[in-house]
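Here's the letter readout for the chains.
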Amino acid sequence: MAGKTLYDKLWDDHLVKQREDGSALIYIDRHLLHEVTSPQAFEGLRLAGRKPWRIDANLATPDHNVPTTDREKGIEGIVDPVSRIQVETLGKNCDEFGILEFKIKDKRQGIVHVIGPEQGATLPGMTIVCGDSHTSTHGAFGCLAHGIGTSEVEHVLATQCLVQQKMKNMLVKVNGQLGKGVTGKDVVLAIIGKIGTAGGTGHAIEFGGEAIQNLSMEGRMTICNMAIEAGARVGMVAVDGTTIDYVKDRPFSPRGETWDAAVKYWRTLHSDLDAEFDKVVELEGSEILPQVSWGTSPEMVADVTGNVPDPAKEDDPIKREGIERALKYMGLRPNQAITDIQLDRVFIGSCTNSRIEDLREAAVVVKGRKVADSLKQAMVVPGSGLVKAQAEAEGLDKIFLEAGLEWRDPGCSMCLAMNADKLGQGEHCASTSNRNFEGRQGFGGRTHLVSPTMAAAAAIHGHFVDVSELLN
Amino acid sequence: MRAFTQHQGLVAPMDRSNVDTDMIIPKQFLKSIKRTGFGPNLFDELRYLDEGKPDQDSSQRPLNPDFVLNQPRYEGASVLLARSNFGCGSSREHAPWALDDYGFRVIIAPSFADIFYNNCFKNGLLPIVLEEKVVDQLFQETEETEGYQLAIDLEAQTVTTPSGESFSFDVDSFRRHCLLNGLDDIGVTLEDAELIKSYEEQRRQTAPWLFNAGQ
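These numbers come from a predicted model, not from an experiment.

(A) Region of the structure containing the overall build of chain A. Of the regular secondary structure elements, chain A holds 16 helices and 19 strands. A compact globule built from 472 residues should have a C-alpha radius of gyration of about 23 Å, and chain A, at 21 Å, falls within 12% of that. Here the C-alpha coordinates of chain A stretch approximately 55 × 55 × 45 Å along the principal axes. The buried share among the 472 residues of chain A stands at 68%.

Structure (structure tokens):
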């Protein structure tokens, strides 16, 4: 019999009941909540007269709607009354049911997918869910983590379980070393470019290979974060020394003998050598260049040295129409050089790229330089209050401010523009976020997905440049 | 939950692949704390010429005449015919809520994104996967025939065209059972409460770090 994959192991360890009809009850160790996808779930609990099954499994914070300025005003600082009600509702619900919430003025507040790992609330081997598709981020710790809808948020609150069908196993292996200036973000964009936005549908993806093993936890989180953009709800990386070092001594991490027992178990969280995958994709790390998305789907990416595609050269009529529609929306010409795309704004932030390492990498590029005059705005939004404090302790805020970038307070911000941070119609933005869908960053806005180093370099030049050349 | 057994209704064609949930219901409408009222903002950016805002009377807004659902022949459609990877992107359940509130009961596509597919079943909405060539045929027939309707039978797992041609589809048995009977799946899960408790107790012993509160 073949060995087990990491996904098989996590599944087996959380299986409460295998039903005859093929569905299974899977136990959930950690449930993260934010203000947008939880109010209807709490309301459902109340209407049915149910209570949360295990209160200490839940951790909540407002992130999608929070402003990134004037935070000392707290909830009163939220100008939009509809947003304010949503943040207030989360607070009331958490207070009513006794759920731990890092409220808007708490220094631990931040994007759910940043604060889980930061607090050690994300530990290897856990099942983690949240009403947010980027919950796949936590798979970087060898967790089984995925996004759920609001009905499932209610289901997890009420039962601590989810009804699941087992997914297929997929391995995405990135061999060898990455080039200079090439980050986890470029790797995952290159993967999505290769397999497409439905390439991982129905599968749990494990990311492996030397290039992945050499990445920091931040880099691995960036990659797992965007598994959903490849169609896979789940992205994972095996546990190793890097993982264990990261989780040590965090507020929720175990101590003493429990720590030792945990580490012993965590060391088993990798796919067995003889495990079989339903699908395997390989990439060579050395062939991956800095990536820029040119279209309205995360699979529409090109090397920074490349060009926007020419729809006339596409044989498949559905794809051709897709390219034509994207170019029209994006206001780009066929064959236009990526480095010729002029930008209006730069956004460094989001659950994909707002951790301390992301900010350090961006700061290296902008240090001693100035943001291009042609830009309307370049902003840095740290992923949490603690990331912000760490960056300030390292002096990164001063580097950004001196270069002419704005230094904001933590939240989802311009990744999805539910707060006041958004693009104007027709504006081009170099963004370290995860989705370039039409209107995602604001009505008529045009998003180009890039790494923090690429966004920083673009801020200095006003258009895309090959950051690997800049770093030489 | 509302049960789904059979449905016959007018078909509207949404002829583009990778329709994401941001497109189905843009973020500014996710600020609602209710489950209802999303229908007027379904496909908001495609459907209207102006920028949609929450709490606005959408009946006064300028419609995009080129958008398929604005064509009079598709008024009252309850079956949405779509292309591959429908519902990709954000996990927002507001997407099926908006489709449901607009009046759709069935979505047919060659493939769906996982989270969206799952969310549909929680709301009495039936997503049906049919082969690409069958979907192509249905697109062609829908566009050629005004008033084109399809009949869907969940019990028999069939989609039947006006000419009587019938296509069968797969659906896993638990989801089918819940939808046919309009079951609250939390209630079904809680029938196994003792099993959940004993699993939890065993994990407290073998993996106590999973039950740490913050320090």
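(B) Broad picture of helix α5 (residues 150-159) of chain A. Most of α5 of chain A is tucked away, with 10 of its 10 residues classed as buried. Where α5 of chain A is concerned, the buried positions are T150, S151, E152, V153, E154, H155, V156, L157, A158 and T159 of chain A.

(C) Up close: the environment of F252 of chain A. Within the secondary structure, F252 of chain A is located in the loop between α9 (241-247) and α10 (256-266). Separated by 19 residues in sequence, F252 of chain A and S271 of chain A place their C-alpha atoms 26 Å apart.

(D) Focus on the packing of aromatic side chains. All names here are of chain B. For the structure on display, the rule yields 16 aromatic pairs over all chains. Ring centres 6.3 Å apart and planes at 85 degrees place the aromatic pair F86 and F112 in the edge-to-face group. Taken together, the residues F86 in the loop between β2 (79-82) and α3 (94-102) and F112 in the loop between β3 (106-109) and α4 (114-121) connect sequence positions 26 residues apart. The burial state of F86 is the same as that of F112; both residues are buried.

(E) View of the sheet that holds strand β9 (residues 168-175) of chain A. Residue and element names in this part refer to chain A. With parallel pairing, the 4 strands of this open sheet are ordered in space as β11-β10-β9-β12. Two strands in the sheet have a free side with no partner beyond their single neighbour: β11 (234-236) and β12 (279-284). When the angles between neighbouring strand axes are averaged without regard to direction, this sheet yields 20 degrees. On the sheet, helix α1 (residues 6-13) packs against β9, β10 (203-208) and β11 and is oriented at approximately 115 degrees with respect to β11. Across the face of the sheet, helix α6 (residues 184-195) comes into contact with β9, β10 and β12 while running at roughly 125 degrees to β12.

(F) Region of the structure containing the interface of chain B and chain A. Taken together, the 62 residues of chain B in the interface contact 79 residues of chain A. Overall, the association of chain B and chain A removes approximately 5,900 Å² of surface from exposure, summing both partners, and the carbon and sulfur fraction of that is 56%. On the chain B side of the interface with chain A, the three residues burying the most area are K27, K31 and W209 of chain B, jointly 14% of the side's total. Taking the shortest distance from any N to any O, the salt bridge between R35 of chain B and E154 of chain A comes out at 3.4 Å. Linking chain B with chain A are 33 residue pairs in polar contact (both at pLDDT 80 or more), by the criterion used here. Of all the secondary structure elements, the ones that give two or more residues to the side of chain B that touches chain A are α2 (44-47), α3, α4, α6 (173-181), α7 (185-190) and α8 (193-206) of chain B. Of the residues forming the side of chain B that touches chain A, the biggest block, 8 residues, is contributed by α8 of chain B. Classifying every residue of the side of chain B that touches chain A by side-chain character gives 20 nonpolar, 17 polar and 25 charged.

(G) Spotlight on the domain arrangement of chain A. Residue and element names in this part refer to chain A. For chain A, the assigned domains read domain 1 (1-288) and domain 2 (291-470). A straight line from the C-alpha centre of domain 1 to that of domain 2 covers 24 Å. Our count for the domain 1 to domain 2 interface comes out at 1 salt bridge. Our count for the domain 1 to domain 2 interface comes out at 24 residue pairs in polar contact (both at pLDDT 80 or more).

(H) Structural view of empty space enclosed by the protein. Applying the stated criterion to the full structure yields 4 cavities of 30 Å³ or more. Its volume calculated, the largest cavity comes out at about 220 Å³. Taken together, 25 residues make up the lining of the largest cavity; nearest its centre are H64, D132, H134, L416 and R440 of chain A. Looking at side-chain class alone, the lining of the largest cavity contains 8 nonpolar, 12 polar and 5 charged residues. Split by domain, the lining of the largest cavity shows at least three residues from each of two domains, domain 1 (1-288) and domain 2 (291-470) of chain A. One number sums up the size of the second largest cavity: a volume of about 60 Å³. What lines the second largest cavity is a set of 13 residues, among which I228 and G231 of chain A together with G89, A113 and D114 of chain B lie closest to the centre.

(I) Geometry of the layout of surface pockets. Size it by volume and the largest pocket reaches roughly 1,000 Å³. Looking at the largest pocket, it is lined by 40 residues, and the ones nearest its centre are E299, M300 and K319 of chain A together with S17 and N18 of chain B. Contributing elements (two or more residues each) for the lining of the largest pocket: α6, β14 (301-303) and α11 (317-330) of chain A. Looking at which element gives the most residues to the lining of the largest pocket, the answer is α11 of chain A, with 8 residues. By residue class, the composition of the lining of the largest pocket is 15 nonpolar, 12 polar and 13 charged. If you count residues domain by domain, the lining of the largest pocket takes at least three from each of domain 1 (1-288) and domain 2 (291-470) of chain A. Approximately 860 Å³ is the volume attributed to the second largest pocket. E438 of chain A together with R16, E45, L46 and N64 of chain B are the residues nearest the centre of the second largest pocket, which is lined by 29 residues in total. If you list the elements that add at least two residues to the lining of the second largest pocket, you get α11 of chain A together with β1 (6-14), α1 (21-24) and α2 of chain B. Within the lining of the second largest pocket, the residues separate by chemical class into 13 nonpolar, 5 polar and 11 charged.

(J) Spatial organisation of unusual backbone geometry. All names here are of chain A. The backbone phi angle of S413 is positive, close to 55 degrees, even though this residue is not glycine. When you line up the elements, S413 lands in the loop between β17 (406-407) and β18 (428-431). Given a relative accessible area of 0%, S413 falls into the buried group. One non-glycine residue with positive phi stands out, namely A417, at about 55 degrees. Relative to the elements of secondary structure, A417 occurs in the loop between β17 and β18.

(K) The pattern of salt bridges, seen in detail. This model, assessed by the stated rule, comprises 38 salt bridges over all chains. Ionic pairing is found between R16 of chain B and E438 of chain A, a salt bridge with its closest N-O pair at 3.2 Å. Highlighted residues: R16 of chain B in the loop between β1 and α1 and E438 of chain A in the loop between β18 and β19 (446-449), drawn from two different chains. What emerges from the salt-bridge pattern is a single network uniting E43, R46 and E96 of chain A.

Rules used throughout
- Residues numbered from 1 in each chain as written.
- Chains lettered and ligands numbered in written order.
- Predicted model: local features only at pLDDT ≥ 70, side-chain atom pairs only at ≥ 80, totals over all residues.
- Heavy atoms only, no water.
- Helix = DSSP H or I, 4+ residues; strand = E, 2+ residues; numbered from the N terminus.
- Rg over C-alpha atoms; globule rule 2.2 N^0.38 Å.
- Buried < 20%, exposed > 50% of the residue type's maximum accessible area, 1.4 Å probe, protein only.
- Phe/Tyr/Trp six-rings, centres within 6.5 Å; stacked < 30°, edge-to-face > 60°.
- Pairing = 2+ DSSP bridges.
- Axes fitted to C-alpha atoms, helices over the stretch in contact; angles between N-to-C directions.
- Contact = heavy atoms within 4.5 Å.
- Buried area = accessible area lost by both parts, 1.4 Å probe.
- Salt bridge = Lys/Arg side-chain N within 4 Å of Asp/Glu carboxyl O.
- Polar contact = N/O pair within 3.5 Å; in protein donor to acceptor, adjacent residues only side chain to side chain.
- Nonpolar A, V, L, I, M, F, W, Y, C, P; charged D, E, K, R; others polar.
- Domains from an automatic or database assignment.
- 1 Å grid on protein atoms, 1.4 Å probe; cavity = no way out; pocket = protein on both sides within 12 Å on 5 of 7 lines; lining within 4 Å.
- Points joined across faces, edges and corners; volume = space filled by probe spheres on them.

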